[in-house]
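Spelled out from the first residue to the last, the chains are:
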There are 2 protein chains.
Amino acid sequence: MSWQFKLASSARASPRWLTRPNGVLLRPASAGRLPSAPAMTQTSVSVTAKRTLADYHSSKCLNLDNINPSVRAAKYAVRGELAVKAENYRQQLADGDQSLPFDSVIFANIGNPQQLDQKPITFFRQVLSLVENPLLLENPEALKTSFGYHQDVIERAQTLLANVQSVGAYSHSQGAPGIRNSVAKFIEERDGFSANPQDLFLTGGASSGVSTLLNVICNGPKAGVLVPIPQYPLYTATLSLLNAQCVPYLLNEQEAWGTDVNVILQSIKDAKAAGIEVRAVVVINPGNPTGASLSADDIKKVIDIAAEESLVVMADEVYQTNVFAGEFVSFKKRLRQLQQEQPGKYDDVELVSLHSISKGMVGECGHRGGYFELVGFDPLVQEQIYKLVSIGLCPPVVAQCLLETMVNPPRPGQPSYELYQKEYNGIRDGLYQRAHALYDAFQRMEGVECQEPQGAMYLFPTIKLPAKAIEAAQAEKRAADEFYCLRLLDATGVCVVPGSGFGQKENTLHFRTTFLAPGTEWVERIVKFHAEFMEKYR
Amino acid sequence: MSWQFKLASSARASPRWLTRPNGVLLRPASAGRLPSAPAMTQTSVSVTAKRTLADYHSSKCLNLDNINPSVRAAKYAVRGELAVKAENYRQQLADGDQSLPFDSVIFANIGNPQQLDQKPITFFRQVLSLVENPLLLENPEALKTSFGYHQDVIERAQTLLANVQSVGAYSHSQGAPGIRNSVAKFIEERDGFSANPQDLFLTGGASSGVSTLLNVICNGPKAGVLVPIPQYPLYTATLSLLNAQCVPYLLNEQEAWGTDVNVILQSIKDAKAAGIEVRAVVVINPGNPTGASLSADDIKKVIDIAAEESLVVMADEVYQTNVFAGEFVSFKKRLRQLQQEQPGKYDDVELVSLHSISKGMVGECGHRGGYFELVGFDPLVQEQIYKLVSIGLCPPVVAQCLLETMVNPPRPGQPSYELYQKEYNGIRDGLYQRAHALYDAFQRMEGVECQEPQGAMYLFPTIKLPAKAIEAAQAEKRAADEFYCLRLLDATGVCVVPGSGFGQKENTLHFRTTFLAPGTEWVERIVKFHAEFMEKYR
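Note that the structure is a prediction, hence the values are computed from the model and not measured.

A. Local environment of the UniProt feature "domain: Aminotransferase class I/classII large" (unreviewed entry) in chain A. Mapped onto the present numbering, the UniProt feature "domain: Aminotransferase class I/classII large" (unreviewed entry) falls on residues 151–520 of chain A. Annotation note: span residues 151–520 of chain A, helix share 43%, strand share 15%, distance between end C-alpha atoms 39 Å.

Written out as structure tokens, the structure reads:
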């Protein structure tokens, strides 16, 4: 089953980007000319304004047919056509356009908490304001009396500045040593096993970490990486860029989107038969887009496969605090337990665990920060990883400071603790409530089935669409779920991502929605649209 | 001449990374085990602690021989062995070690202004403190009376927040539209020609921009990119990672490190003869490591070649405000002038110009920000570039805000102008004075020749070493300039980068030093060391 499986999104051999980066639809009349921005004063007319697309192809060095084919092949639905169209609608509304059938755009396509309702945590941002402008520290009394800064905020900023010297200076390429010490302590407290700051690499978000690691792991066009389906499309996109092979393994929707050992083993077998050397297995836990949370036993089974097949485990654990049911178990902790329980058997397992400041109750994705921890890597390989990250110099230093506050938040008894705890719990409870409101709405929708919310920031319901809707999609040369999501956006302003952007089992349709947007009014928009859609195509 | 030319650094087929990422020298006794960090409490002993390097090679998935060969082949001297050793010395001194023959380490190896003396510009950091903690804006009076914030600081922060919503939210993948508008206005004011915000891509520093662009341009192992020699090694490293070809062209040291059209043409000819398709020409102006500043006529000559040979021009203009003599001319301005003067001839030229917040009088490299502007690109190619950057989501949003303040600083008459101007000029004058102090010192050193400082943050003197020194280097299997720089570091704590890290004409030796470190005491350390070195090996 698994190897013959094709990502639905690859069914259209050459996906058309119908809109420009700026969101303006490509029309023949404007071909060859990029529109000017509304806010810009045109001081001269572009020299190339009167040229056509055909001219470009004949005379430019670069055209669509001769650029890096790996870049062209890469797909990334989260910011694709739908997102661009949604941004376009938002701009129309902002410009006062009243012709649209909705009065706001809901960006439920991307885990971008602070674009929606989520407020940043006060302690974090107070600290950052001080590391950005250390001159504020010269008047601590005014900070306290006029702005309510507590002493622990001031001390934290001083400590961070001592570590990084200035947030405007390059740090060590792996991240400032003192901040890596804090991350190591966090991991130790979380897992009960030691962590070594030398094995930590701070990153500009998990995405850049994934890119770094896959760059090292993939050694040619026959290198394969096991990727769960559905998946966050960063993985397939990065493998495309590296001209390496995605070896998909289907998650089991009936078992709450869990991993199925036999499916993974079959994928490995099929890949080997196709001449592919499988080098790594990606696990996203809690899952994106599924929200699934793996049990300790599920994790052991993946580690067993890695040990037996000599695979690097890439554990994408960026949603580790977004867990509604049970407790998060890290791959690192489970691996260390297994190494204690069965000395020898697991010694060679190579594990990399990724974390981020973008998700959880922190939601600071615009700052671009995170880290990965290497476990059991050959030191000579680790040096090559160091060299690779050093070419990019260092991750953003402000984001490193923010990471430090995330892994080392105010503790009970410290003056900033109470507010921190209140804000943190408020965000956590809000996410839970919204997830369930959305889940309840899906229960009311014909042909829609959804797993109970488990974690992450997403729900990923199955939708069963009438045959007429599927035909209408085919007439537009679109996947049926993409067709559905486009109609949803056009009718309601709610932007979600079709399942085909993440991969899904053949002959199934899904969409991914975040549960970050405030209120329930937008949920009702979906319910109403869905009923009308089903009626129209029945 | 040019094509046979080999980078001196590639003479050693397999460069040895003698030190670990953490700066600890690899010794057989510690092989297979990464040392624990001093600041860490070890709560358990690493499971793999007693294993040897040989064990790793036999049983791990990843080893030095089977990782991505392109990663292994990449070289990046700026943060290589010397930098790691310097960081090690710094730590030794910080730990109270008094055995070293110097009492401070001078990091003259990297353009990292705020690691050394340079203070951030107050206006920038005041604005950033407010966008990081918008709650501060609720008490503008206290900001003014207790901290000296002016009204324009407050208004700028409000404008930026209106543009980005929150610095913790993802922005548009090309960067926030409002900030791109400001960058476009800056380019228009600089050049007198229009700029379109849709053609601007904000980046996490110029390095990530270069990586994006080369990723698109390089379409296979036969794709070649003209790179000046000496060059900033980001270019050769990125081409290595992409398994594409560096086509070197030597700069003319005798002509103030200018470009020589005939040399470039010969390089193209040689590359074509070797079956390479040359697709782009990189120009670093002002130069790194040379500091050279190109005339309008030199720029025209490069554009002429690009027009005739259908090459993309990659103009790395990150040092555009670090110009001591004459006036900076941008490639964009020169191209637009030529397009006006000779309609038709230059219409198809594809130009990308890169800029950064890391250099100039801003020096905010730790924030990781910058932009590139595309000129004359096929819109369909531009869409692919958008897709590629969207996989990385967005550049750090705080850095986008900082970029906005850089391109739109306080103007005469605004309350923050006076201090801004004073700080800006102070940094500019300081750089000029230090450059000349260093230049004067080089005049006093036997066998050292240096071009008069023109710009950027570097001097790149030629050194002529005695035969005995070259023999001693060979005995250590090192390039002679690397040997010299290592001895310099060991003796003085001054860390510079050997010319072989940038490439240099065969049978010449250089080193690159920044002129950022304060004072002149460290310059005298170099003078004294040099005299003793020459004496020893005479």
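B. Spatial organisation of the interface of chain A and chain B. With 129 residues of chain A at the interface, the matching set in chain B holds 129 residues. Surface buried jointly by chain A and chain B totals about 11,400 Å² across both partners, of which 58% is contributed by carbon and sulfur atoms. Of the charged contacts in the structure, one is a salt bridge between B:Arg125 and A:Glu132, with a shortest N-O distance of 3.9 Å. Between chain A and chain B we count 55 residue pairs in polar contact (both at pLDDT 80 or more) in total. At eleven residues, the largest contribution of residues to the side of chain A that touches chain B is made by helix α13 (residues 379–391) of chain A. Residues that form the side of chain A that touches chain B fall into these classes: 61 nonpolar, 48 polar and 20 charged.

C. Looking closely at the pattern of salt bridges. All names here are of chain B. A complete count under the given rule lists 52 salt bridges over all chains for this structure. Notably, a salt bridge pairs Arg-190 with Asp-191, separated by 2.8 Å at the nearest N-O pair. Asp-191 gets classed as buried once you look at its relative accessible area, which sits at 5%.

D. Spatial organisation of the environment of B:Val247. Assignment of secondary structure puts B:Val247 in strand β4 (residues 245–250). Separated by 246 residues in sequence, B:Val247 and B:Gly493 place their C-alpha atoms 35 Å apart.

E. The packing of helix α8 (residues 206–217) of chain A against helix α9 (residues 234–241) of chain A, seen in detail. Residues and elements named next belong to chain A. Two numbers describe how α8 lies on α9: the axes approach to 10 Å, and their chain directions differ by 40°. As far as their axial angle goes, α9 and α8 are oblique. Crossing geometry of α8 relative to α9 is assigned as right-handed. Contacts from Ser-207, Val-210, Ser-211 and Leu-214 of α8 reach α9 at Leu-234, Tyr-235, Thr-238 and Leu-239. By residue class, the composition of the contact of α8 with α9 is five nonpolar, three polar and no charged.

F. Main features of helix α17 (residues 480–492) of chain B. Residues and elements named next belong to chain B. The end-to-end C-alpha separation of α17 is 18 Å, in line with the 18 Å expected for 13 residues at 1.5 Å each. Listed in full, the buried residues belonging to α17 are Ala-480, Asp-481, Glu-482, Phe-483, Tyr-484, Cys-485, Leu-486, Leu-488, Leu-489, Asp-490 and Thr-492. A positive phi of about 80° marks Gly-493, the residue just after α17.

G. Region of the structure containing the sheet that holds strand β5 (residues 277–284) of chain A. Residues and elements named next belong to chain A. An order of β2-β8-β7-β6-β5-β3-β4 is seen for the seven strands of this open sheet, with the pairing classed as mixed. The outermost strands of the open sheet, each flanked by one partner alone, are β2 (200–203) and β4 (245–250). For this sheet, the mean angle separating the axes of adjacent strands, direction not counted, is 20°. Pairing geometry for strand β3 (residues 223–229) and β5, over four bridges, is parallel. What sits directly across from Leu-226, in β5, is Val-281. On top of the sheet, helix α12 (residues 331–341) reaches β5, β6 (312–316), β7 (350–356) and β8 (370–375); it is set at about 15° to β8, its chief contact.

H. Geometry of the nonpolar core. In terms of nonpolar packing, the biggest core is built from 284 residues, with A:Met314 and B:Met314 touching the most fellow members. Excluding residues that lie within four positions of it along the chain, B:Met314 makes contacts with B:Val210, B:Leu213, B:Leu214, B:Ile217, B:Tyr235, B:Val281, B:Val282, B:Val283, B:Val352 and B:Leu354.

I. Expanded view of the side chain of A:Ser207. Turning to its location among the elements, A:Ser207 is positioned in helix α8. Taking the relative accessible area as the measure of exposure, A:Ser207 reaches 10% and is therefore buried. Beyond its immediate sequence surroundings of up to four residues, A:Ser207 is in contact with A:Leu234, A:Arg368, B:Ile391 and B:Leu393.

J. Looking closely at the pairing of β4(B). All names here are of chain B. Bridge analysis of strand β3 (residues 223–229) against β4 gives six bridges, and the strand direction is parallel. Bridge pairing links Val-227 to Pro-248 in β4. Handedness of the crossover joining β3 and β4 through helix α9 (residues 234–241): right-handed.

K. Focus on unusual backbone geometry. Following A:Asn285, the chain continues into A:Pro286 via a peptide bond in cis, with omega recorded as -10°. Here A:Pro286 lies in the loop between β5 and α11 (296–309). With omega at 15°, the peptide bond leading from A:Asn288 into A:Pro289 counts as cis. Structurally, A:Pro289 is set in the loop between β5 and α11. Positive phi is not limited to glycine here, since B:Leu393 has a value of about 75°. With respect to the helices, strands and loops of the structure, B:Leu393 is situated in the loop between α13 (379–391) and α14 (397–407).

Rules and cut-offs
- Residue positions are given per chain, counting from 1 as you read along its sequence in written order.
- Lettering for chains starts from A, numbering for ligands starts from 1, and both go in the order in which the items are written.
- Totals for whole chains, interfaces and linings use all residues, but because this is a predicted model, local features are given only for residues with pLDDT of at least 70 and pairs of side-chain atoms are given and counted only at 80 or more.
- No hydrogens and no water enter the side-chain calculation; it runs on all heavy atoms of the structure.
- UniProt positions are given in the numbering used here, feature names are shortened, and annotations may be inferred rather than shown by experiment.
- Think of it this way: any DSSP run of H or I at least four residues long counts as a helix, any run of E at least two long counts as a strand, and we number them from the N terminus.
- Contacts are assigned to residue pairs with any non-hydrogen atoms lying within 4.5 Å of each other.
- Simply put, the buried area is the total loss of 1.4 Å probe accessible area from both parts when two parts are fitted together.
- Salt bridge, as used here: a side-chain nitrogen of Lys or Arg that lies within 4 Å of a carboxyl oxygen of Asp or Glu.
- Counting of polar contacts relies on pairs of N or O atoms within 3.5 Å, with two restrictions inside protein: one atom must be capable of donating a hydrogen and the other of accepting it, and residues adjacent in sequence are counted only when both atoms are side-chain atoms.
- Here the nonpolar group is Ala, Val, Leu, Ile, Met, Phe, Trp, Tyr, Cys and Pro; Asp, Glu, Lys and Arg are the charged ones; every other residue, Gly included, is treated as polar.
- Only protein chains enter the calculation, and the probe is 1.4 Å; a residue is then buried if its accessible area is under 20% of its type maximum, exposed if over 50%, and partly exposed in between.
- Here, axes are lines fitted to C-alpha atoms. For helices the fit covers the stretch in contact, and angles between N-to-C directions go from 0 to 180 degrees.
- For classification purposes, angles smaller than 35 degrees are called roughly parallel, those larger than 145 roughly antiparallel, those between 65 and 115 roughly perpendicular, and all remaining angles oblique.
- Each crossing gets its handedness from the near helix: less than a right angle anticlockwise from the far helix is left-handed, clockwise is right-handed.
- Expected span of a helix: the number of residues minus one, times 1.5 Å.
- DSSP bridges decide pairing: two strands pair if at least two such bridges lie between them.
- Here, nonpolar core refers to any group of buried Ala, Val, Leu, Ile, Met, Phe, Trp, Tyr and Cys residues whose side-chain atoms link them within 4.5 Å.
- Whether a crossover is right-handed depends on one test, that the path from the first strand over the helix to the second runs clockwise when the strands point away from the viewer.

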